[in-house]
Amino acid sequence: ENRDASISYQDGYPFFSLSIFVHKGISSSKASQIVKKSAKLIVYLIRPGGKGSMEVLRRLIKALESFHHPSNHGSWTRRLSQLVASLCEHFHERVRKEQSVPDGAPYKLLPSDISEFCQVVLHGALQGLYSKSGVASLHSCSALKMLAFLDAQAVLPKLLDRAYQALTTVLEVHQTTAALEALAAIIYPVLRCENYTVGLSHLPQLMALTLSGVDTNDTRKTWATLRFFTVLLSGVPLIPITEDAPEGEDSERHEVARQVTDFFADWALRFLDQTFAFISNMGTNPHAESDNSKKKGDSDSRTSEYFFECTLEVFFMQLGDELYSAALDKVANFCFNNLLTQQEANLGVLLTAITDVDPKAAVHKFLPLCLRILLESATPVSTPTMSGRTPMSGRTSGGGVVAPSPPKEPKKPPSSSYVSPAKDDEDPEDAGEAGDGLGLLGQRREAYKLAVLSDSEFIYYLAIIRFVALAAGAHVL
């Protein structure tokens, strides 16, 4: 608003208003606006190749160093961390805008200026990473992300060393969560080979160390881990590289990438194991009886569902055909070998995510087997004796004659303990609509009735059908 009193600079610096230290709006705090605009003013006052302004900034950061230490926590922590983040944000913005400016322009920053700025601010950003304030820690992550884009060779080695220490510690658990947040912020600069040539070689170790972050005993760490996986998988397809290096491409770098992708299949199946363990343990520990504890537990559960939904959607979409088929077998094996009546919401997230990628394959995998469990032949038989678990293994009459029953699924290797409903020795005409998920009902040309199951079992298998059918849509027909 106060543009009348603006001060301009003929060499191309932006216009600055004398009211930068005053915020007239009511949506943001005045202190926050002062910090952001002060940081912008400092950044644009830096002269290219000028040691004076950079030396003043160095002295300022040095004077504030002790206030960034995690043990020195107070009302100043959030504002000082915001100052560092704003300095990095506006400096990155200035460098990006000046990329189109021809070299030699009097106001364009030199590569030496960029490196010096990163060295000055980096220590303060690293100190604030493990702050007791969650907001201050996120400010440090934002600052480190900008610094990684500006000078990856100087920033990433120090940051990755701290991340490895935090991921392997068993005493400082809060450092693990902060390190995961930082990894989610800087993973793209790590993978950009033109900026950081050895970044790709760190990927297998980072993916392996972060798997343990999916933990029902620490929801904050789980959320940070899932956020990291979502960001990572958004740019990294889980497809192995089998071809040789194309002509004209760096063969050594291609070989490193091939070795890294060989690790993806094992990691993907281990990630599913961690997901299954998390879902199985959700809801097994009852909350405290107080209303506040119950509300907090419900809120954490909904937040976990949201993070899992985001991560699993990206995860299944990035799988190759063979790996997706193995994952589908693994998910079906988990669903039919467990009765997850208390984890229906999380189970729905899992089934919806995997069905969205290939609805037809998911329908053929889940619906026929659910129908075999829920329905049995209506042919009269002598008094049957029920087995104690589902899927039902058949019934024997008093004379020892096996009565017609839903066929039991033969065992497979550990990755899948069942087979597809369509058997190789079945006649196609007898199988009815073999390509349909509901074609199972017409295979024997006989009447069916509901199986003798408990209420919880009926509800569970009907829930599986509902989740798959809603995600598959017309593919069910």
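As the structure is a computational prediction, the values presented were derived from the model and not from experiment.

Visitor: I'm lost on the overall build of the protein in this one. Help?
Guide: Secondary structure summary: the protein contains 17 helices and four strands in total. Split into buried and exposed, the 477 residues of the protein put 45% on the buried side.

Visitor: Please clarify how the state of the cysteines should be interpreted in this entry.
Guide: What makes a disulfide is a covalent bond joining the sulfur atoms belonging to two cysteines. With the rule as written, the count across this model stands at zero disulfides. Sulfur of Cys 335: no disulfide; nearest cysteine sulfur belongs to Cys 370 and is 8.4 Å away. For Cys 335, a relative accessible area of 0% gives the class buried.

Visitor: I tried to follow the nonpolar core on my own but got confused; where do I start?
Guide: Nonpolar side chains tend to gather and get buried jointly when the protein is soluble and globular. In this structure, Trp 267, Phe 316, Phe 366 and Ile 464 are the most contacted members of the largest nonpolar core, which totals 128 residues. The leading source of residues in this core is helix H8 (residues 173-191), at 11 residues. Ignoring any residue separated from it by four or fewer positions in sequence, one finds Trp 267 in contact with Met 207, Ala 208, Leu 211, Phe 229, Leu 233, Leu 238 and Phe 315.

Visitor: Please explain the packing of aromatic side chains as it appears in this structure.
Guide: Two numbers describe a pair of aromatic rings. These are the distance of the centres and the angle of the planes. Across all of its chains, the model carries 16 aromatic pairs by this definition. Ring geometry for Phe 67 versus Trp 76: centroids 6.0 Å apart, planes at 85 degrees, classification edge-to-face. Here Phe 67 falls in the partly exposed class, since its relative accessible area comes to 35%. Classification of Trp 76 as partly exposed rests on a relative accessible area of 33%. One aromatic cluster is present, formed by Phe 228, Phe 229, Trp 267, Phe 271, Phe 315 and Phe 316 through successive ring pairs.

Reading the values: the criteria
Residues numbered from 1 in each chain as written. Predicted model: local features only at pLDDT ≥ 70, side-chain atom pairs only at ≥ 80, totals over all residues. Heavy atoms only, no water. Helix = DSSP H or I, 4+ residues; strand = E, 2+ residues; numbered from the N terminus. Buried < 20%, exposed > 50% of the residue type's maximum accessible area, 1.4 Å probe, protein only. Disulfide = S-S within 2.5 Å. Core = buried A, V, L, I, M, F, W, Y, C linked by side-chain atoms within 4.5 Å. Contact = heavy atoms within 4.5 Å. Phe/Tyr/Trp six-rings, centres within 6.5 Å; stacked < 30°, edge-to-face > 60°.

On their own, these measurements won't tell you what the molecule is for.
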